[in-house]
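Observations on the three-dimensional arrangement
This is what each chain is made of:
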Amino acid sequence: MSSTTMVSSSYMPSAEDSFDKILLLYSGGLDTSCMIKWLQEQYGAEVITLTLDLGQGGIEAAREKALQLGVREAYVQDARQEFAQNYLAQEIQANGLYQDRYPLATALARPLMSQYAVEIAQEAGADAIAHGCTGKGNDQVRFEVSIAALAPQIKVLAPVRDWQLSREGEVAYAKAHGIPVQAGSPYSIDANLWGRSIECGMLEDPAQQPPAEIYELVTSPERAPDQPEYLEIQFEAGLPVALNQTSMGLVELIETLNRLAGGHGVGAIDMTEDRIVGLKSREIYECPAAVTLLSAHQELERFCCTIHENEFKPLVDRKWAELVYKGLWHDPLRDDLGAYIGRVNRKVNGKVRLKLYKGSVSIVGRQSENALYDHQLATYDEGQSFDQSASAGFIQIWGLPTRVAQQKMLQSLSSAPQAIGS
Ligand code: ARG
């Protein structure tokens, strides 16, 4: 007899569902505000809300609004420190970019939000968690995979997938239920410490340049200062610890860099990306601190690592970023790759000097006690220690397989039977 292990399957909503208490991940926007009423009506449940500050601000206003809409408990929590320490720190050490460009701001926030949601749902005795994601995006996948991994007994509800309301229908629903409706922005925006993600509206035409009004963190290069600004970032074990010789915690350092680099037009990313659910989308990101920190970190890491590490780590980093993007923060592979990434970074200590100028960030200097750069070896000046005469023998051996292969090819060409009549 073979034994089987029961793993709870994922939850599908059905008409018979009833819940006593539902925890809603509440942003304060129109979708999740309508959701408070919709969940109460649909399931006859008590709805409680959770709003986290990950650097986007406005949590007190969200709390007020939730309470006004009749929620008995509206939890708010400043989770910026935890976001920085437990997520962004590894992101920096991993040089984390999805498809070589997106620094994963939204993707990194979702497992943390899921973790808080699970903790508070358990504490408050909620039997379901609801989120405001659509059925076309990545965030539904990230929330649902994370919550199921942490607490498989908690059901997850995604009302936007089920309620089939158009934008107009939603506005009508809101008005009928006394939910305040502000003049709607055509864009869908998600923001935190690590960046701002902007979608929808005219951005859905990938041929069109984004309008200037969508940017909040990044000044256009045309309006950025005409004088460059120089920065020095100090790293310890692959993490930034000081900016311009002033020690700073990670949260403050990221906030400061968003302001400084963003003011010089650094950090706007316009890309098309491949979503988990199979479609391509056009995305605009504003990530001044992320772009600056990742380029500085990557430079210092390369300076301290061997050629072999420098060829291998980007493969690990790429896989790490892909797992994070695809909602698999809680997969053991992400954790194991994170351990390798952290281990390599133990020696990444030193300083990087950067120049911010009209939309670009460039590395202008680096310094490290762990650098594998050896001036005596590298210099063409007097006193150099590299034995140039040894290169001739090295080249003989290095080129051996290529020489042999070329000779084989020539031989087989000259001994090939001649075509008739040639
Ligand atoms: N495409 C990005 C991601 O999947 C950003 C998603 C932004 N979400 C939003 N509601 N605007 O991580």
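Preceding block: the structure.
Source: prediction; values computed, not measured.

Thresholds, definitions, all that
- Residues numbered from 1 in each chain as written.
- Predicted model: local features only at pLDDT ≥ 70, side-chain atom pairs only at ≥ 80, totals over all residues.
- Heavy atoms only, no water.
- Near = heavy atom within 4 Å.
- Polar contact = N/O pair within 3.5 Å; in protein donor to acceptor, adjacent residues only side chain to side chain.
- Areas by Shrake-Rupley, 256 points an atom, 1.4 Å probe, with all protein chains shown as cover.
- Patch = residues over 30% accessible without salt bridge, like charges linked within 9 Å, V, L, I, M, F, W, Y side chains within 5 Å.
- Salt bridge = Lys/Arg side-chain N within 4 Å of Asp/Glu carboxyl O.
- Helix = DSSP H or I, 4+ residues; strand = E, 2+ residues; numbered from the N terminus.
- Buried < 20%, exposed > 50% of the residue type's maximum accessible area, 1.4 Å probe, protein only.
- Pairing = 2+ DSSP bridges.
- Axes fitted to C-alpha atoms, helices over the stretch in contact; angles between N-to-C directions.

With that settled, the discussion passes to the site of the ligand. Taken together, 15 residues lie around the ligand, and Tyr102, Asn138, Arg142, Glu273 and Tyr285 are the ones closest in. Within the side chain of Tyr102, an N or O atom sits 2.6 Å from an oxygen atom of the ligand. At 3.4 Å, a side-chain N or O of Glu199 approaches a nitrogen atom of the ligand. Isolated, the ligand exposes 350 Å² of accessible area, and the fraction of that covered by the protein chains is 90%.

Take a nonpolar patch on the surface next. Residues Phe394, Ile395 and Trp398 make up a contiguous nonpolar surface patch of roughly 410 Å² in combined accessible area. Note on placement: Ile395 falls in helix H13 (residues 390–398). Given the relative accessible area of 53%, Ile395 is considered exposed.

Let us look at the sheet that holds strand S5 (residues 155–157). The strands that make up a sheet are held in pairs by hydrogen bonds between backbone atoms, and each pair lies either parallel or antiparallel. In spatial order, the strands read S3-S2-S1-S4-S5; together these five strands make up an open sheet with parallel pairing. Across the chains shown, the open sheet's two edge strands, defined by having one partner strand only, are strand S3 (74–78) and S5. Here the average twist between neighbouring strands, direction ignored, is 25 degrees. Pairing between strand S1 (residues 21–25) and strand S2 (residues 46–53): five bridges, direction parallel. Its bridge partner lying in S2, Ile22 is registered against Val47.

Moving on, we come to the pairing of strand S12 (residues 280–286). The buried count for S12 comes to six of seven residues, which makes it a mostly enclosed element. The pairing of strand S7 (residues 195–199) with S12 spans three bridges and is antiparallel. Bridged to Arg196 within S12 is Glu286. Two elements, strand S11 (residues 268–274) and S12, share seven bridges in a ladder whose sense is antiparallel. If you follow Glu273 over to S12, its bridge partner there is Ser281. Linking two consecutive strands that pair antiparallel, namely S11 and S12, is a turn of five residues; a positive phi of about 105 degrees is found at Gly278 within it.

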